[in-house]
Structure formats: C-alpha cells, structure tokens
Amino acid sequence: MTRLELNILGCGSATCTLRHVPSCQVLNVRDNLFMIDCGEGAQLAMRRMGLKFSRLGHIFISHLHGDHCFGLPGLLSTLALLGNTNGVTVHIFEDGARLLKDAMDYFCRERPYELRFNVIKVGQEVIYEDDAITVETIPLVHRVP
C-alpha cells in the first residue's frame, strides 16, 4: 500500500503569529515530500514535525500572495546550506519564477542542487504526474491568478 500522509505546517493566518504559520502543507507519498505553498516559517515547521529536507523534491505555489510564497527563498537557501544534492522543482507562475530565479541567483548562486522551475499557465492543466499522484491546477477566483 502507498504511504500517503498530509502534514499541515501552516494555515489560517496571513502573517506569522505565536500560534499560526502562513499557508504550507507537505504531502508525503512513499517518503517523497511534496510541499504545497511555502509561507514564512515553513522550514521551522518542517523541523518541528521531523520532516526531512532531503526528501523534498517538489514545491507547488498555489498563487502569488506573500503568505503562500515568502518562505520559499529561505527554504531553498537552507537546502543549499545543508548540502542537499537532490534537485528541487518549483511549480510556480511566470512572474514568481522570474523573481525567485533572480533572488536565488543573487543570494544563493552556488547551490549544490539543481533548481528547476515548472511555469504554471493560468487555467486547468496537469502540472505533475507519476505512478502515485497527479497534480492538476484549477482556475482560482482571487485577486491574483
């Protein structure tokens, strides 16, 4: 049977509080970690829950509001500092990919891992699929796509 576990790292707050961290969930499928959103405090919450950074291979950003993506540069930098050699794919919209690539190339250009971007188009499409899971986008009625 496939191991499937959802870890809620953050929800219910647009800012970090003493009780809440902005949006971040980690899906564990057969000991492969898939992060959904990466609000501030995500890497601290990963440590508290005992999730292994080395098993994180995909990060999906639902939309480009800060409470869903401001933790991403810090997390990617931490992966480099930890000597992670596994590649990481960030599934993100074009504007976010451009901004994040520029930030990572400036602050963390000597990464020991390959940082890949899968640019998400607005609309409905499959953006990731393997023998255990399929990730599909849906249009979001929000202030940003």
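Quick note: structure is the one above.
Here is a short report on the structure shown in this document.

The rules behind these values
- Residues numbered from 1 in each chain as written.
- Predicted model: local features only at pLDDT ≥ 70, side-chain atom pairs only at ≥ 80, totals over all residues.
- Heavy atoms only, no water.
- Helix = DSSP H or I, 4+ residues; strand = E, 2+ residues; numbered from the N terminus.
- Rg over C-alpha atoms; globule rule 2.2 N^0.38 Å.
- Buried < 20%, exposed > 50% of the residue type's maximum accessible area, 1.4 Å probe, protein only.
- Contact = heavy atoms within 4.5 Å.
- Salt bridge = Lys/Arg side-chain N within 4 Å of Asp/Glu carboxyl O.
- Core = buried A, V, L, I, M, F, W, Y, C linked by side-chain atoms within 4.5 Å.
- Phe/Tyr/Trp six-rings, centres within 6.5 Å; stacked < 30°, edge-to-face > 60°.
- Expected span 1.5 Å × (residues − 1).
- Arc of directions from axis to C-beta.
- Pairing = 2+ DSSP bridges.

## Some details on the overall build of the protein chain
1) Next: Looking only at helices and strands, the protein chain has 4 helices and 8 strands in total.
2) Next: Order of helices (α) and strands (β) in the protein chain, N terminus to C terminus: β-β-β-α-β-α-α-β-α-β-β-β.
3) Next: Its C-alpha radius of gyration of 14 Å places the protein chain within 12% of the 15 Å reference for a compact globule of 145 residues.
4) Next: On the principal axes, the C-alpha backbone points of the protein chain span a range of 45 × 35 × 35 Å.
5) Next: Going through the 145 residues of the protein chain one by one, you find that 42% of them count as buried.
6) Next: In the protein chain, once contacts between residues fewer than 6 apart in sequence are set aside, the share between residues at least 24 apart is 57%.

## Topic: the pattern of salt bridges
1) Next: This model, assessed by the stated rule, comprises 5 salt bridges.
2) Next: As a salt-bridge pair, Arg111 and Asp105 come within 3.9 Å of each other at their nearest N and O atoms.
3) Next: With relative accessibility at 30%, the residue Asp105 sits in the partly exposed group.

## As for the nonpolar core
1) Next: Grouped together as the largest cluster of nonpolar side chains are 29 residues, with contacts concentrated most on Met35, Ile59, Leu72, Leu76 and Val90.
2) Next: Per-element accounting of this core gives the leading share, 5 residues, to helix 3 (residues 72–81).
3) Next: Leave out the neighbours within four places in its chain, and Leu76 touches Ile59, Val88, Val90, Leu100, Met104, Tyr113 and Leu115.
4) Next: Listed in part, the 9 residues of the second largest apolar core include Val29, Phe93, Ile127 and Ile133.

## Looking at the packing of aromatic side chains
1) Next: In the structure shown here, the tally under the stated rule is 3 aromatic pairs.
2) Next: Relative to Tyr128, the ring of Phe60 has its centre 6.3 Å away and its plane inclined at 70 degrees; by these criteria the two rings are edge-to-face. Taken together, the residues span a long stretch of sequence, with Phe60 in strand 4 (residues 56–60) and Tyr128 in strand 7 (residues 126–129) at a distance of 68 residues.

## A closer look at helix 4 (residues 94–107)
1) Next: Taking 1.5 Å as the rise per residue, helix 4 with 14 residues should run 20 Å; its terminal C-alpha atoms sit 20 Å apart, in good agreement.
2) Next: Among the residues of helix 4, Gly96, Ala97, Leu100 and Met104 are the ones counted as buried. Viewed end-on, helix 4 has its buried residues packed into an arc of 95 degrees, placing them on one side of the element. Exposed side of helix 4, more than 90 degrees from the buried face: Glu94, Leu99 and Tyr106 are the residues found there.
3) Next: In this fold, the buried residues of helix 4 make contact with helix 3, strand 5 (88–93) and strand 6 (115–120).

## Let's talk about the pairing of strand 7
1) Next: Relative to strand 8 (residues 134–136), strand 7 runs antiparallel, the two sharing 3 bridges. Its bridge partner being in strand 8, Glu129 is matched across the sheet by Thr134.
2) Next: What sits between the antiparallel neighbours strand 7 and strand 8 is a turn of 4 residues.

## Thoughts on unusual backbone geometry
1) Next: Despite not being glycine, Arg30 has its phi angle at roughly 55 degrees, a positive value.
2) Next: Looking at the secondary structure, you find Arg30 in the loop between strand 2 (24–29) and strand 3 (32–36).
3) Next: Phi is positive for Asp37, close to 70 degrees, though the residue is something other than glycine.
4) Next: Following the sequence through the fold, Asp37 ends up in the loop between strand 3 and helix 1 (42–48).

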